[in-house]
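# A closer look at the structure
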Amino acid sequence: MSRAPFAGSYGPWALVAGGSTGIGAAFADEIARRGVNLVLAARRSGPLERTAARLRADRAVEVVTVPADLADPAGLDAVLQATADLPVGLLVANAAVIPTGPFLAAAEDEIASAIDLNCRSSTLLARRYLPAMAERGRGGVIFVSSLAGMQGVPGLAAYSATKSYLITLGESLWAEMRGRGVHVVTVCAGAVSSPDGPQAARPAPGTSTPAEVARAGLAGLGRGFRVVPGGVNRVGAVALQRLAPRRAAIALVGRASAGSLE
Ligand SMILES: NC(=O)c1ccc[n+]([C@@H]2O[C@H](COP(=O)([O-])OP(=O)(O)OC[C@H]3O[C@@H](n4cnc5c(N)ncnc54)[C@H](OP(=O)(O)O)[C@@H]3O)[C@@H](O)[C@H]2O)c1
């Protein structure tokens with residue numbers, strides 16, 4: 001792996017929102033392997049510090065941790081303050097919560113919090129870090145979305161809507177930043193074997209590891225607006241988007257997610 005070109009394009013610092021566990025920690029590891037220092041933000045300091053210590057020891061990069069609730073405007077401000085003197089060349093907007101179950105059973109504050117974290121914080125982080133990247137004429141933003149955002153999913157209504165939002169936001173920013181040296185890509189992951197994530201009771205076909213998702217996301221920088229990690233997921237996404245009628249796609253994905261989350 002060539003470290004210098006990646007660090008030259010996306011270094012010297014990367015910010016991973018939700019970088020303490022699961023897919024975010026895998027992004028942090030893959031970015032550190034490419035020679036870029038890290039700012040990791042998440043709520044719980046225990047997992048944050050454990051991931052940071054591992055990266056400092058294994059990858060010889062600098063790691064700054066920011067314990068912050070990104071669903072809260074004060075948490076976003078804390079991240080901005082912590083990075084005030086750090087040139088952030090790569091943002092991974094990964095933190096999300098996944099309200100599951102019937103929409104009518106979900107509490108209003110649970111839905112509001114999912115929108116605040118999944119949509120609001122990802123959008124405002126991009127708004128805060130993109131201007132300096134555009135000024136430098138280099139950098140990248142990765143939005144971590146989901147195949148669940150490519151159509152409605154009964155049982156995951158608010159979650160799939162927030163992930164659709166990120167797909168659209170990512171496409172718009174990809175187009176706005178093209179030609180300015182800043183690469184924006186949205187990763188639409190299928191099922192992922194995250195240790196703390198939305199766990200599958202039975203692994204779905206095409207389940208990826210967090211490292212596979214992170215590698216696919218980083219490889220996708222500068223190559224287009226969207227990445228679907230995994231061959232099975234890519235074929236499934238094309239079939240559901242282009243071949244199946246929309247109502248069949250909604251029903252199929254709803255059944256698949258109900259089966260995997262039960
Ligand atoms: N796992 C899957 O099957 C799957 C599939 C498709 C897409 N995705 C997407 O991949 C991303 C990561 O998922 P994951 O499976 O890796 O989940 P995860 O292991 O639960 O990791 C979530 C990360 O976000 C942080 N986080 C959660 N709420 C936060 C908040 N309010 N403020 C700041 N940080 C917060 C968590 O740390 P704290 O809890 O300490 O805050 C953790 O670092 C999400 O965007 C998810 O939608 C996952």
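## Observations regarding the sheet that holds strand 4 (residues 88-93)
Strand order in the open sheet made by the seven strands is 3-2-1-4-5-6-7, with parallel pairing throughout. Lying at the two open borders of the sheet, with one neighbouring strand each, are strand 3 (63-67) and strand 7 (226-227). Packed on one face of the sheet, helix 4 (residues 73-82) meets strand 2 (37-42) and strand 3 and runs near 160 degrees to strand 3. Strands in contact with helix 6 (residues 157-177) are strand 5 (139-146) and strand 6 (182-189); relative to strand 6, the strand with the most contacts, it is inclined by about 155 degrees.

## Overview of the pairing of strand 2
The buried count for strand 2 comes to six of six residues, which makes it a mostly enclosed element. The side-chain alternation of strand 2 yields two buried faces, one formed by Asn37, Val39 and Ala41 and the other by Leu38, Leu40 and Ala42. Pairing geometry for strand 1 (residues 13-17) and strand 2, over five bridges, is parallel. Paired with tryptophan 13 across the bridge in strand 2 is asparagine 37.

## Topic: helix 4
Here helix 4 has its buried residues at Gly75, Leu76 and Val79. One side of helix 4 holds all its buried residues, which, seen down the axis, span an arc of 100 degrees. Opposite the buried face of helix 4, at more than 90 degrees from it, the exposed residues are Ala74 and Gln81. Against strand 2, strand 3 and helix 5 (108-136) lie the buried residues of helix 4.

## Describing helix 2 (residues 22-33)
What sets the pattern is the α-helix's 3.6 residues per turn: residues three or four places apart point alike. Compared with the 16 Å implied by 1.5 Å per residue over 12 residues, the 17 Å span of helix 2 between its first and last C-alpha is a close match. Regarding helix 2, the residues found buried are Gly22, Ile23, Gly24, Ala25, Ala26, Phe27, Ala28, Asp29, Glu30, Ile31 and Ala32. Its buried side turned inward, helix 2 meets strand 1, strand 2, helix 3 (45-59), strand 4, strand 5 and helix 7 (210-220). Looking one or two residues past helix 2, glycine 35 carries a phi angle of roughly 85 degrees, positive in sign.

## Some remarks on the packing of helix 5 against helix 6
Where helix 5 meets helix 6, the axes come as close as 9 Å, and the angle between the chain directions of the two elements is 10 degrees. The orientation of helix 5 relative to helix 6 falls into the category roughly parallel. The hand of the helix 5/helix 6 crossing is right-handed. The segment helix 5 lies against helix 6, with Ile111, Ala114, Ile115, Asn118, Cys119, Ser122, Thr123, Ala126 and Ala134 engaging Ala158, Tyr159, Thr162, Tyr165, Leu166, Leu169, Leu173 and Met177. Among the residues making up the contact of helix 5 with helix 6, the classes are represented as 13 nonpolar, four polar and no charged.

## Some thoughts on the environment of glycine 101
The residue glycine 101 is located in the loop between strand 4 and helix 5 in this model. Sequence-wise, glycine 101 and leucine 156 are 55 residues apart; in three dimensions their C-alpha atoms are separated by 6.3 Å.

Thresholds applied
Residues numbered from 1 in each chain as written. Predicted model: local features only at pLDDT ≥ 70, side-chain atom pairs only at ≥ 80, totals over all residues. Pairing = 2+ DSSP bridges. Helix = DSSP H or I, 4+ residues; strand = E, 2+ residues; numbered from the N terminus. Contact = placed C-beta atoms within 7 Å. Axes fitted to C-alpha atoms, helices over the stretch in contact; angles between N-to-C directions. Buried ≥ 20, exposed ≤ 12 C-beta atoms within 10 Å, placed from the backbone. Arc of directions from axis to C-beta. Expected span 1.5 Å × (residues − 1). Parallel < 35°, antiparallel > 145°, perpendicular 65-115°, else oblique. Left-handed = near helix turned anticlockwise from the far one by under 90°. Nonpolar A, V, L, I, M, F, W, Y, C, P; charged D, E, K, R; others polar.

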